[in-house]
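# Chains, contacts and geometry: an overview
The primary structure of each chain is shown beneath.
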Amino acid sequence: MPLPPGRPRLSLALALLLLVGPARPISFQLPGKARKCLREEIHRDTLVTGEYEIGAPPGSSTGPSANLKITDSAGHILYAKEDATKGKFAFTTEDYDMFEACFESKLPVGTGRMPDQLVILDMKHGVEAKNYEEIAKVEKLKPLEVELRRLEDLSESIVNDFAYMKKREEEMRDTNESTNTRVLYFSIFSMCCLIGLATWQVFYLRRFFKAKKLIE
């Protein structure tokens, strides 16, 4: 029995959604008086959301104490929180850039060395950052329509990534061509200089030997 025309396309869409799994949070230990940063390149006009939690090890007499700051490559502060323990953040990028999230441990006054703190960071951007449950409530979408919307956004994100890669490839090709042209001109100039220097040496030596009457 043949399948309906839209059935294979729907099956492919669901298969792609299953392959794209959710991003896992990052966890690491933050020693006392230490600073650790995470960097990631993100495209322009991209929604970025994140959740963080900082906790002291079990049995510690002091609570968690650390500062969180998120900046771009120009040093602009996109999010900052002192004495951060748990929270959320969100911002939209204005340009393709390298973004940095830094956690800096603070040592409480009047205490000894602070034990390592556990930092958990769940940072999402693009399709992963969108709340499709909220979109479904607002637009009254069915579950299948929500999945198709997510697949549409994912496809658009992939197309944008390929477009950016193509643009970077064109820029690199233009740079290579420009470099090759400059190297060619420099090589021609160097050869002309060497030929001129060799010619000058020949005439100079000829005059020198004639002055010494070694040749006629």
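Criteria and thresholds
- Residues numbered from 1 in each chain as written.
- Predicted model: local features only at pLDDT ≥ 70, side-chain atom pairs only at ≥ 80, totals over all residues.
- Heavy atoms only, no water.
- Pairing = 2+ DSSP bridges.
- Helix = DSSP H or I, 4+ residues; strand = E, 2+ residues; numbered from the N terminus.
- Axes fitted to C-alpha atoms, helices over the stretch in contact; angles between N-to-C directions.
- Salt bridge = Lys/Arg side-chain N within 4 Å of Asp/Glu carboxyl O.
- Buried < 20%, exposed > 50% of the residue type's maximum accessible area, 1.4 Å probe, protein only.

## Topic: the sheet that holds strand β5 (residues 77–81)
An order of β2-β7-β4-β5 is seen for the four strands of this open sheet, with the pairing classed as antiparallel. The sheet terminates laterally at β2 (35–42) and β5, the two strands that pair on one side only. Pairs of neighbouring strands in the sheet enclose a mean axial angle of 10 degrees, with direction left out of account. In this sheet, β5 lies alongside strand β4 (residues 66–71) in antiparallel orientation, the contact comprising four bridges.

## Details of the pattern of salt bridges
Per the counting criterion, the structure on display carries six salt bridges. The residue D153 makes a salt bridge to K130 at a minimum N-O spacing of 3.4 Å. Of this pair, D153 sits in helix α3 (residues 143–211) while K130 is found in the loop between β8 (117–125) and α2 (132–139), placing the two residues 23 residues apart along the sequence. Of the residues examined, K130 reaches a relative accessible area of 37% and is grouped as partly exposed. With its nearest N and O atoms 2.6 Å apart, the salt bridge here joins E139 to R149.

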